[in-house]
Amino acid sequence: GRGGGAAMAEDEGLVSVDYEVSGKVQGVFFRKYTQGEAKRLGLVGWVQNTSHGTVQGQIQGPTARVRELQEWLRKIGSPQSRISRAEFSNEKKIKALEHKEFQILK
């Protein structure tokens, strides 16, 4: 059952947001670092390279943590990456996480 954490979850809530990052983001371990950062923050979702040179995916988790990963995607990324733009879309509140973990998709 769910114990003492319920009140906090009510305040924060869970969100789902899609993202696409442009710049020098392929071939620089961007997906691996994104996965690592997401796991560190306790988020779930996925990340993949697109055919047009960007990285895209979805993030789900507590709002504050999702915001942290959005900032990371916008400003930091992997050490060799050069982010020119990070776009976020389809943000919505969700009742429960739709992914079990944060996966790198091929």
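Residues numbered from 1 in each chain as written. Predicted model: local features only at pLDDT ≥ 70, side-chain atom pairs only at ≥ 80, totals over all residues. Heavy atoms only, no water.

Some thoughts on the side chain of S22
Going by this rule: Runs of E in the DSSP output that reach at least two residues are strands. Runs of H or I that reach at least four are helices, and both are numbered from the N terminus. Any two residues having at least one pair of non-hydrogen atoms within 4.5 Å are treated as being in contact.
Topologically, S22 is positioned in strand 1 (residues 14-24). Ignoring sequence-local partners within four residues, the contact set of S22 consists of T54, R82, I83, S84 and R85.

Some points on the UniProt feature "active site" (unreviewed entry) in the chain
Put simply, the rule reads: UniProt positions are given in the numbering used here, feature names are shortened, and annotations may be inferred rather than shown by experiment. A simple rule labels every residue: compare its accessible area, found with a 1.4 Å probe on the protein chains alone, to the largest value its type can have, and call it buried under 20%, exposed over 50%, or partly exposed in between.
As annotated by UniProt and renumbered to match this structure, "active site" (unreviewed entry) occupies R31 and N49. Over a stretch of 19 residues, the named residues converge on one spot in the fold, their C-alpha atoms separated by at most 7.8 Å. Along the polypeptide, R31 turns up in helix 2 (residues 30-41). Excluding residues that lie within four positions of it along the chain, R31 makes contacts with V47, Q48, N49, V55, I104, L105 and K106. Mapping N49 onto the fold places it in strand 2 (residues 44-49). For N49, a relative accessible area of 26% corresponds to the partly exposed category. Every residue in contact with N49, bar those within four places of it in the chain, is listed here: V25, Q26, R31, T54 and V55.

Let's talk about the nonpolar core
Here is the rule: Among the buried residues, those of types Ala, Val, Leu, Ile, Met, Phe, Trp, Tyr and Cys that are joined through side-chain atoms within 4.5 Å form a nonpolar core.
Membership of the largest hydrophobic core comes to 19 residues, with the highest contact counts inside it found for Y19, V21, F30, L43, I59, L69 and L73. When residues of this core are traced back to their parent elements, those giving at least two are strand 1, helix 2, strand 3 (55-62) and helix 3 (63-75). When neighbours within four sequence positions are excluded, L43 is seen to be in contact with A38, I59, Q60, G61, P62, R65, V66, L69 and F102.

What about the pattern of salt bridges?
Note the threshold: Here, a salt bridge means any Lys or Arg side-chain nitrogen found within 4 Å of an Asp or Glu carboxyl oxygen.
Per the counting criterion, the structure on display carries five salt bridges. E91 is paired through a salt bridge with R67; the nearest N and O atoms lie 2.7 Å apart. One end of the pair, E91, is in strand 4 (residues 82-94); the other, R67, is in helix 3, with 24 residues separating them in the sequence. Among the residues examined, E91 registers a relative accessible area of 40% and is labelled partly exposed. A salt bridge links R85 to E87; the nearest nitrogen and oxygen atoms lie 3.2 Å apart. R85 gets classed as partly exposed once you look at its relative accessible area, which sits at 48%. A single network of salt bridges, built from pairs that share partners, joins E71, R74 and K75.

With respect to the environment of V15
With respect to the helices and strands, the residue V15 is situated in strand 1. In the structure, V15 is positioned 48 residues away from T63 in sequence and 5.7 Å away in space, judged by C-alpha atoms. Residues within four places of V15 in sequence aside, it is in contact with I59, Q60, G61, T63, V66, E91, K92, K93 and I94.

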